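The lines below spell out each chain.
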Amino acid sequence: MSAADTTAAPATRAPSNSYWRLVFRRLRRNRPAMAGLVCLVVVILAAVTAPIIAPYDPMKVSLADAYQSPNAAHLMGTDKLGRDILSRVLWGSRNSLKTGFFAVLWGLAIGGVLGSLALWGGRIVDAVVMRFTDVLLAFPGILLAIGVISWLGRGDVQMTLAVGLSLAPIFTRLLRASLLSLQESDFVLALRSVGVPRRQILFRHMLPNALTPLIVQATLQLGTTILTVAGLGFLGLGPEDPRIPEWGTMLIEGAQMIQTFPHLVLGPGACLVAIVVSVNLLGDGLRDALDPRVRR
Amino acid sequence: MPRYILRRLLVSIPVLFGVTLIAFAFVRLLPGDPAVTILGERATPAAIERLRTSLGLDRPIWQQYAEYMSNLLQGDLGNSTITAAPVTKELFSRFPATLELSICALLIGVTAGLWLGRAAARRPGGGTDGGLTLLSLLGISIPIFVLGPLLQYVFGVVLDWLPTSGRINPRLFVSTPTGFLLWDTASQGEWGAFRDVVAHLVLPSVTLSMMPMAMVARMTRSSVIEVQREDYVRTARAKGVVPPRIARRHVMRNAWLPVVTVIGLQVGALLAGTVITETVFGWNGVGSLVVNAINQRDYFVVQSAILVFAVIFIVVNLLVDISYALLDPRISYR
Amino acid sequence: MTLLEVEDLTVRIDTEFGTVHAVNGISLSVERGETLAIVGESGCGKSITGLSLARLLPEPAARIAGGTIRFEGIDLVTASPRTLADLRGRDVAMIFQDPMSTLNPVLTIGEQMAEALLRGNYGVSIRPVRDRLLELLDMVGLPGGEAMLRRYPHQLSGGMRQRVMIAMALAQKPRLLIADEPTTGLDVTVEAQILDLVGRLTEESETAVILITHDLGVVAGVSRRVAVMYCGTVIETAPTDTLFDAPMHPYTVGLLHATPSIDADADEDLLAIEGVPPNQLRPPAGCPFAPRCAWRQERCWVEVPQPRAVGEQHQVACHNTATREEAQQGRPARLAPAPPPPNLFGIGEVVTFRGVST
Ligand SMILES: Nc1ncnc2c1ncn2[C@@H]1O[C@H](COP(=O)(O)OP(=O)(O)O)[C@@H](O)[C@H]1O
Ligand code: SF4
Ligand SMILES: [Mg+2]
């Protein structure tokens, strides 16, 4: 007798419609995850419609209105140049989400290539790739990105490339590990024994399965990535043009003025935390739905 | 066991090698003429020529690397392009501050994380569990540059309990032979200064500890829940072993294993976190050194600091793996 | 006084998919020093029954929903945690299937065995009980003495690990040993040794044994009495000889047909009972065996058959035992198998032949 007897759908099973339906049902029943999803959808909508819903021009300077506390006209107050913080937060979310999303995609792409290479390139390639990921992982997250940016220079694309690269080793290892365990799983052995062609096993059966943990990890990493991007902005590596609204850059000023004007941190900070919390809720929910082992 | 440790050591050698290679490439492969990029457009041609020769840019790349390595092994990391001081010296003077902060944060994070994780695992799905899960979710979602200023505002401004910046009140004159202020003040019996140092440490180390605390709590919780269901725990109950011993010797002893790995990985996050924490709290450590260096394009300082962080990370994880083997008798036989 | 008296025991398990009716009102009794075998196919509730008897269910997900378990007069269902903790290991001991996962991988054999003696009330150290541990090793036939005490579970074979389990279980000479498929997964020669060891040691210490197994072949040489379980109920209890010679319940009849005789060729086609056990999330209203039964009648669909005596120490839960003679003569004429009930989550497998383990 063990708990595993009755818990359904081991992770190594071939995906099927009913499996995904079960996963989806579990996810739907997970209230926090759903709350995260709803919140995320709202944020994305807000980002997309920022040009319409933002009450002010995010770049419009109005020195007479500097450092206003939150009030009816400026819900999150204004900054030292009298710009409306809410508008800047809304516009900034476009940048954050875009950079975060593409950085994760880019990380997935590199990770996917390296991971597959490790598995099918033979022992030497595998060893080299694994040591390479070890090396990349040894540079603590944001530091690797700092290095790459001071190399490539500042800017949107550079930021995306830098942060994505620092994610790559995580995805590489994950993909390699799950492909490896799939390769030895009963269901792949069974497919092989009945003579299903290698390529079909790989593309139709193994990759879709290996994607599962990758999706969960990518979702969870999206939160971290948004934080890293803002962190780099906070360190002064954000957009070169200071007028462009960017969360991390906005927070530099907030942190310096925290003694007198805490609202500079509160507005952008709360939005940032809210996004990351919802992404993480969704990611946790996905993980639980896909792998119900670690639950009550 | 010794064989396992040896093998593990051998694996880290190529990684260390790779790390130096990347640090090396970071400066030598700068786009354009590295010497110009490093010194900036306005540098005199003579200065640029001097740097070119000292970097050996006219020689083949492998010779440059060999020289870089040999300098590195002698403790020569080059000179700051801003202050012209040796980078090694600068790093050494800043290092104790960062270490003191990191160690405090790690201790707080791990202790609190373990405690919270075990509390949550006691009744999975219960109220405590729900609350703590939410708390740790917040912990991994709130960035240092938001949490730090908020704590500064609440405890430094509103309540006015704690200092918000620096390591020690500058009006206190204490000699600091080691640079570890806790040690320096305590060993000289300067208890007033010691208390001041502790007060300065509280906010930054709590801020920095948030991430490791949340990660350790999450891992402890799920690990304890999983181990609680293991057959050998049932065996222990069947033998009539008393619950406190089951919790300690059977559950925690096994639940530790994945937690130890997480702690090792969190050291990386912690080191990266010092960069921002030190900026927020005006902490004169390696982290704030790096930030200044980035803004001033002081490449040798950036290069060396990153290298040092990476090496620390590798060494810590080596230690973690070794302690893992000590904790799990199955490892050394694999 | 009877050592163990179980009445109407009912166990429910809450899962993600609903409540599993794992044990549905079973009654058993065990005398001092007696060995009772419980047989049944995988998933019929044997382990859950065994665990309930030692109150080791994975609570709160699994819970005793009704009935009594009297051990020497004490009702274990309502007993305080203290009483239970006192009882476990000392009076009621248990050994499990899969000795790989039932020993703690990071503690030495010595420490784990010492726990069985000391229970950790004042800490556990090997030194004060060293001699006793060596005796125990000797008792279960484990070589190596002190060196063995310092080894870890992964350094032992499956048979040796099960010997460690036995040593721990019998360390305090309990009055009842619950052995849940102790030999499943071990190879045949080791199986015989282990069964022999358990038999010999419990006889010496006058320990009663409940031997749980899915393998009728194991029962024959070991116990004098057998209870057959199906779908969370005991459907037949009989002396072993009677059960083999004159099985009364249609399920038992089928099971015996499905058990190959010792000299049967391994490759020979084994008989199967057609159909699958019902879904224990929504147990059927009448006799649980009805969908697969060749003797069923109308009322079998609606009325749960209660156990009743049909001979000396022989109880059967079946409405239709009139065809007993027919059953003794050989295989009954089969009815066309009824459509199998929905079995949503693969709980319970088709009984094909012996050797299907949990
Ligand atoms: N931990 C558990 N969680 C949920 N259901 C369980 C659990 N353990 C057993 N069950 C269910 O209880 C029933 C009886 O199981 P069990 O006693 O282990 O059967 P056996 O030991 O006879 O093979 C089965 O339907 C099984 O699926
Ligand atoms: S009660 Fe009816 S259905 Fe059940 S075993 Fe007996 S004859 Fe078959
Ligand atoms: Mg069982």
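Residues numbered from 1 in each chain as written. Chains lettered and ligands numbered in written order. Predicted model: local features only at pLDDT ≥ 70, side-chain atom pairs only at ≥ 80, totals over all residues. Heavy atoms only, no water.

### Points about the overall build of chain B
In step 1: The helix and strand tally for chain B stands at 13 helices and 0 strands.
In step 2: Along chain B, helices and strands appear, N-terminal first, in the series α-α-α-α-α-α-α-α-α-α-α-α-α.
In step 3: In terms of its C-alpha atoms, chain B occupies a principal-axis envelope of roughly 80 × 55 × 40 Å.
In step 4: When burial is assessed residue by residue, chain B has 52% of its 334 residues classed as buried. (Helix = DSSP H or I, 4+ residues; strand = E, 2+ residues; numbered from the N terminus. Buried < 20%, exposed > 50% of the residue type's maximum accessible area, 1.4 Å probe, protein only.)

### Structural notes on the UniProt feature "domain: ABC transmembrane type-1" (unreviewed entry) in chain B
In step 1: The sites that UniProt annotates as "domain: ABC transmembrane type-1" (unreviewed entry) are residues 95-320 of chain B.
In step 2: For residues 95-320 of chain B, the helix share is 80%, the strand share is 0%, and the end-to-end C-alpha distance is 22 Å. (UniProt positions renumbered as here; feature names shortened; annotations may be inferred.)

### Digging into the domain arrangement of chain C
Residue and element names in this part refer to chain C.
In step 1: Assigned domains of chain C: these are domain 1 (2-223) and domain 2 (247-333).
In step 2: Taken together, the contacts link 11 residues of domain 1 with 9 residues of domain 2.
In step 3: Between domain 1 and domain 2, a total of about 830 Å² is buried, with carbon and sulfur atoms accounting for 57% of that surface.
In step 4: Looking at the side of domain 1 facing domain 2, the largest losses of area belong to His21, Glu41 and Leu216, adding up to 57% of the total buried there.
In step 5: In this structure, glutamate 41 engages arginine 292 in a salt bridge whose closest nitrogen and oxygen atoms are separated by 3.7 Å.
In step 6: Here domain 1 is connected to domain 2 by 1 residue pair in polar contact (both at pLDDT 80 or more).
In step 7: If one sorts the elements of the side of domain 1 that touches domain 2 by residue count, strand E2 (residues 18-30) sits on top with 5 residues.
In step 8: Here the residues of the side of domain 1 that touches domain 2 are counted per class, giving 5 nonpolar, 5 polar and 1 charged. (Domains from an automatic or database assignment. Contact = heavy atoms within 4.5 Å. Buried area = accessible area lost by both parts, 1.4 Å probe. Salt bridge = Lys/Arg side-chain N within 4 Å of Asp/Glu carboxyl O. Polar contact = N/O pair within 3.5 Å; in protein donor to acceptor, adjacent residues only side chain to side chain. Nonpolar A, V, L, I, M, F, W, Y, C, P; charged D, E, K, R; others polar.)

### Here we look at the domain arrangement of chain B
Residues and elements named next belong to chain B.
In step 1: According to the domain assignment, chain B contains domain 1 (2-73) and domain 2 (91-327).
In step 2: Here the C-alpha centroids of domain 1 and domain 2 sit 32 Å apart.
In step 3: Listed by partner, the interface residues are 20 residues for domain 1 and 14 residues for domain 2.
In step 4: Interface of domain 1 and domain 2: buried area, both sides summed, is about 1500 Å²; carbon and sulfur atoms make up 81% of it.

### Let's talk about the interface of chain A and chain B
In step 1: Each partner contributes to the interface: chain A provides 42 residues, whereas chain B provides 49 residues.
In step 2: Summed over both sides, the interface of chain A with chain B buries roughly 4000 Å², with 76% coming from carbon and sulfur.
In step 3: Note that Asp284(A) is salt-bridged to Arg218(B), the shortest N-O span being 2.8 Å.
In step 4: One can count 5 residue pairs in polar contact (both at pLDDT 80 or more) joining chain A with chain B.
In step 5: Within the residue set of the side of chain A that touches chain B, elements represented by two or more residues are helix H5 (122-138), helix H6 (141-152), helix H9 (198-237), helix H10 (247-256) and helix H11 (263-290) of chain A.
In step 6: Residue contributions to the side of chain A that touches chain B peak at 11 residues, all from H11(A).
In step 7: A breakdown of the residues in the side of chain A that touches chain B according to their chemical character gives 29 nonpolar, 6 polar and 7 charged.

### Brief notes about the nonpolar core
In step 1: Leu232(A), Leu272(A), Val19(B), Ile38(B), Phe145(B) and Ile276(B) are the most contacted members of the largest nonpolar core, which totals 136 residues.
In step 2: Residues in contact with Ile276(B), not counting those within four places in the same chain, are Ile142(A), Gly231(A), Phe234(A), Leu235(A), Ile144(B) and Phe145(B). (Core = buried A, V, L, I, M, F, W, Y, C linked by side-chain atoms within 4.5 Å.)

### Focus on the UniProt feature "transmembrane region" (unreviewed entry) in chain B
All names here are of chain B.
In step 1: Residues annotated in UniProt with the feature "transmembrane region" (unreviewed entry) correspond here to residues 9-30, 99-120, 132-155, 197-217, 255-281 and 301-327.
In step 2: Across residues 255-281, the secondary structure splits into 96% helix and 0% strand, with the terminal C-alpha atoms separated by 35 Å.
In step 3: Split by type, residues 301-327 is 100% helix and 0% strand. Its first and last C-alpha atoms lie 39 Å apart.

### Overview of the confidence of the model for chain C
Residue and element names in this part refer to chain C.
In step 1: Confidence in the prediction of chain C, expressed as mean pLDDT, is 82, and 84% of residues score 70 or more.
In step 2: Low pLDDT (under 50) marks residues 261-271, which in the prediction has 6 contacts with non-local residues, meaning those over four places away or in another chain.
In step 3: Interface scoring of the predicted complex returns ipTM 0.86; its pTM is 0.84. (pLDDT = per-residue confidence, 0-100.)

### A look at the sheet that holds strand E12 (residues 314-316) of chain C
Residues and elements named next belong to chain C.
In step 1: The 8 strands lie next to each other as E6-E7-E8-E3-E9-E10-E12-E11, forming an open sheet whose pairing is mixed. Looking at strand neighbours, the two that pair on one side only are strand E6 (92-95) and strand E11 (308-311), the edges of this open sheet. On average, each strand axis in the sheet is inclined to that of its neighbour by 25°, with strand direction left out of account.
In step 2: Taken strand by strand, helix H6 (residues 158-170) contacts E6 and strand E7 (176-180), and its axis lies near 175° from that of E6. (Pairing = 2+ DSSP bridges. Axes fitted to C-alpha atoms, helices over the stretch in contact; angles between N-to-C directions.)

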